[in-house]
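This is what each chain is made of:
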Amino acid sequence: MKHLQKYILFFSILLLASSCRKENPDLNKPEDYIEGNFSEVFDSYWNGMNNNYVFWDIDTTNWDRVYDTYKPLFAKLNLYDSSDVVKGYGYFQEMTAGLIDSHYDISFKDSWLADQPSINPAYQRKVKQPDYHIPISIFNFYRTIPKKYLDAGSAVRGFTNTADRQYVAVTGRINQDILYFFCSAFNLKSLYENNDPANGVKPVLQAFFDNLKNTKNIKGVIIDVRGNGGGSLADLNFLMGKLVDKQVDFGQTRSKLSNGRLDYSPWAPAFVTPSPDGRNITAPIIALADSWSVSMAELTTMVIKSLPNGHFIGERTWGGNGPLTANKMYNGGQFSTSFLNLVYTSSLIFKYRDGNIYEGIGFPPDQEVKYDKAALDLEQDKQLEAALKLIR
Amino acid sequence: MKSKHLSFAVLLWCLNMITQAAQAQLEVGVSGGYTNNYLRTSTGYRTFTKYDNRSGFVIGIPVRYHVNNWLAIQADPSYIQKNYEIKRTHFYDGIYQRNTISYIQLPLMAHFSFGGKKLKGFLNAGGYAGYWAGGRIKGVMANVFNSGPDIPAGEQIYKYLQFNQAYEYNEKYEFDSRRDRRIELGLVGGIGVEYLLADKFRFFVEGRYYYGLSDQQKNYMVNQIPRYNDTYVLQAGCLFSVRNLFHHAPVAASK
């Protein structure tokens with residue numbers, strides 16, 4: 001027992017050292033914060049982004065600096081003062097200005113912000129670019145192309161309206177053996193399976209698929225996704241699966257795995273699975289896309305570019321190609337708070353097969369043909385003409 | 001010159017005597033056993049997501065220096081696995097990642113022994129430093145680009161992997177220098193019994209607990225959820241007196 005004091009001292013030091021672990025931060029679902037003051041509004045949003053935004057690996061926004069700068073600024077605002085609420089809106093604009101996620105969009109619940117547009121950093125950056133232009137009019141695709149470029153009698157066009165979107169599709173032949181297909185957004189599989197007689201997209205799809213099946217010597221296929229705002233990922237197999245007879249690997253995706261900003265899953269392969277009736281088209285397949293081609297339109301373009309006979313003509317795309325789904329599916333991505341209707345953001349990161357991530361910068365064409373307003377006004381589609389020239 | 005040679009000879013003799021004395025008190029050996037690691041962290045509010053402990057193994061080369069008959073200093077350079085798993089449950093069942101984490105570790109402990117001459121109980125207590133040498137990740141994730149066959153209308157769905165089919169992976173863990181802290185410091189405690197056979201081989205069985213004090217991540221973000229290893233070890237091994245190894249003569253255990 002003469003060593004008892006030494007033992008007590010030794011084990012006391014051990015016990016003291018054992019208390020050196022850090023506490024877990026108090027993290028809660030962003031939507032569970034109460035909208036009681038602007039500090040809560042800030043904390044729910046900042047933590048939601050901190051744990052759910054999937055691009056922290058490559059985004060250059062210093063999110064910790066945002067915390068240090070804006071936490072005290074929000075703390076000074078009064079949630080029940082309309083001018084402070086508008087000032088808070090401005091802070092949200094500043095905080096998000098550099099985020100590279102080009103799907104990113106914040107919409108607000110607060111009635112004092114009802115007149116304010118949602119905050120969309122990619123759009124705000126886009127309008128400041130020197131080569132910014134508005135989307136090509138839908139009438140170029142719906143009226144001019146069938147009238148001027150498609151073979152007489154071959155054009156099939158239609159549209160259908162859903163609660164939140166209009167879907168327009170056009171198809172036809174050019175010089176008998178070049179197939180053309182345009183869609184303004186992706187929800188094709190669902191619309192094809194929808195037997196509503198008012199659904200104008202289904203006949204267009206049927207005509208395109210019939211042409212693919214029945215045209216003996218296809219000289220070229222043009223898939224036109226200019227101005228296409230994206231949509232359902234299921235359409236990738238549904239549409240592109242018809243143009244191939246074996247799997248097409250065109251990139252990889254990864255999601256968040258845990259809460260840390262840099263906690264990611266491994267990269268999983270991104271591929272197109274051929275349809276049972278998929279035909280191996282060996283003629284040139286050309287994607288027409290522009291700076292208004294977003295998300296699924298960009299992925300479709302990337303699939304085409306991955307084909308040995310694939311080409312991409314037009315402009316660099318929008319740059320928002322990370323797939324989206326509910327937060328719970330991949331433990332990351334979009335979320336809401338009591339103040340924010342929705343923080344719309346990607347669930348996964350997409351990396352193209354060349355190893356590059358084109359999020360925020362857009363996918364570049366291999367033949368650039370810029371938007372030409374003067375030509376379009378004269379019903380001349382220079383981008384479509386470049387595609388036809390390449391095929392011929 | 002002669003005095004120099006004489007001084008050198010005396011020095012050598014002294015060193016030899018010290019070494020012999022030290023050899024008599026020094027033991028080395030081998031050990032190995034089972035590990036079970038628990039990653040002390042939090043999944044926060046993640047939907048149906050949890051961390052589970054996982055088994056692994058440890059092998060070591062214990063080195064023990066006897067200060068007297070009840071106290072020794074022991075170092076235990078070893079390779080140890082601190083494995084864990086992150087898995088999703090319920091509707092997301094089947095999605096998981098098993099992390100096989102390898103550390104090269106050096107525990108330094110005070111070894112307190114008690115009991116008879118041959119059969120003794122002992123306590124180990126001290127600290128350790130480890131180096132996160134490598135890892136492997138194996139698992140299943142849902143592949144958003146692999147939707148698989150359509151689910152017929154009206155059919156019930158039991159697993160998320162019916163929507164997005166499984167992607168199985170088994171690959172080397174890629175360190176992220178912005179996040180991963182590869183040095184781990186912590187406390188260690190153990191309890192066991194040892195038996196001296198033929199005054200030459202000291203066999204032991206020990207239960208040990210490694211309590212990590214270093215977050216596995218550098219401080220790279222505000223509101224970071226820390227990750228600490230709690231590792232339980234059940235191991236056995238054998239120690240030999242260094243003098244016996246070199247001189248092939250049995251030496252009694254330290255007095």
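Residues numbered from 1 in each chain as written. Chains lettered and ligands numbered in written order. Predicted model: local features only at pLDDT ≥ 70, side-chain atom pairs only at ≥ 80, totals over all residues. Heavy atoms only, no water.

1. Comments concerning the UniProt feature "domain: Tail specific protease" (unreviewed entry) in chain A
Test applied: UniProt positions are given in the numbering used here, feature names are shortened, and annotations may be inferred rather than shown by experiment. Counting from the N terminus, the helices are DSSP H or I runs at least four residues long and the strands are E runs at least two residues long.
Under the UniProt annotation, "domain: Tail specific protease" (unreviewed entry) lies at residues 142-370 of chain A. Helix makes up 21% of residues 142-370 of chain A and strand 27%, with an end-to-end C-alpha separation of 20 Å.

2. With respect to the interface of chain B and chain A
The line we're drawing: Contacts: residue pairs with any heavy atoms within 4.5 Å of one another. By buried area we mean the combined loss of accessible area, with a 1.4 Å probe, across both parts when two parts are placed together. Take a side-chain nitrogen of Lys or Arg and a carboxyl oxygen of Asp or Glu: if they are within 4 Å of each other, that pair is a salt bridge. Nitrogen and oxygen atoms within 3.5 Å of one another constitute a polar contact, given that in protein one can donate a hydrogen and the other can accept it, and given that sequence-neighbouring residues count only through two side-chain atoms.
In this complex, chain B contributes 53 residues to the contact, which on the side of chain A involves 57 residues. Of the roughly 4700 Å² buried between chain B and chain A, counting both surfaces, carbon and sulfur atoms make up 56%. Counting the surface chain B buries against chain A, the share from its top three residues, Tyr45, Arg46 and Phe145 of chain B, is 20%. For the interface between chain B and chain A, the tally reads six salt bridges. Lys22 of chain A is the partner of Asp215 of chain B in a salt bridge, and the nearest nitrogen-oxygen pair spans 3.3 Å. Linking chain B with chain A are 30 residue pairs in polar contact (both at pLDDT 80 or more), by the criterion used here.

3. Here we look at the pattern of salt bridges
Residue and element names in this part refer to chain B. Keep this limit in mind: Residue exposure (1.4 Å probe, protein chains only): buried if accessible area is under 20% of the type maximum, exposed if over 50%, otherwise partly exposed.
Across all of its chains, the model carries 30 salt bridges over all chains by this definition. A salt bridge links Arg98 to Glu85, with the nearest nitrogen and oxygen atoms 3.4 Å apart. With Arg98 in strand 7 (residues 96-115) and Glu85 in strand 6 (residues 84-88), this pair connects stretches of sequence that are 13 residues apart. By relative accessible area, which is 32% here, Arg98 ends up partly exposed.

4. Focus: the nonpolar core
Note the threshold: Among buried residues, those of type Ala, Val, Leu, Ile, Met, Phe, Trp, Tyr and Cys that are joined through side-chain atoms within 4.5 Å constitute a nonpolar core.
By size, the foremost hydrophobic cluster in this structure holds 58 residues, and its most contacted members are Val221 and Phe250 of chain A. With 39 residues, the next largest nonpolar core counts Val41, Tyr70, Leu77 and Leu262 of chain A among its residues.

5. A look at the sheet that holds strand 6 (residues 248-255) of chain A
All names here are of chain A. Keep this limit in mind: Here, strands pair whenever DSSP counts at least two bridges between them. Lines fitted to C-alpha atoms define the axes, with helix axes restricted to the stretch in contact, and inter-axis angles between N-to-C directions lie between 0 and 180 degrees.
Strand order in this open sheet of three strands is 7-6-11, and the pairing throughout is antiparallel. Strands with a single pairing partner mark the edges of an open sheet, and in this sheet they are strand 7 (268-272) and strand 11 (348-352). Taken over all neighbouring pairs, the strand axes of this sheet differ in orientation by 35° on average, direction set aside. The pairing of strand 6 with strand 11 spans five bridges and is antiparallel. Across the sheet, Ser255 pairs through a bridge with Leu348, a residue of strand 11. Packing of helix 10 (residues 296-306) onto the sheet brings it into contact with strand 6, strand 7 and strand 11, and relative to strand 6 it is tilted by some 140°.

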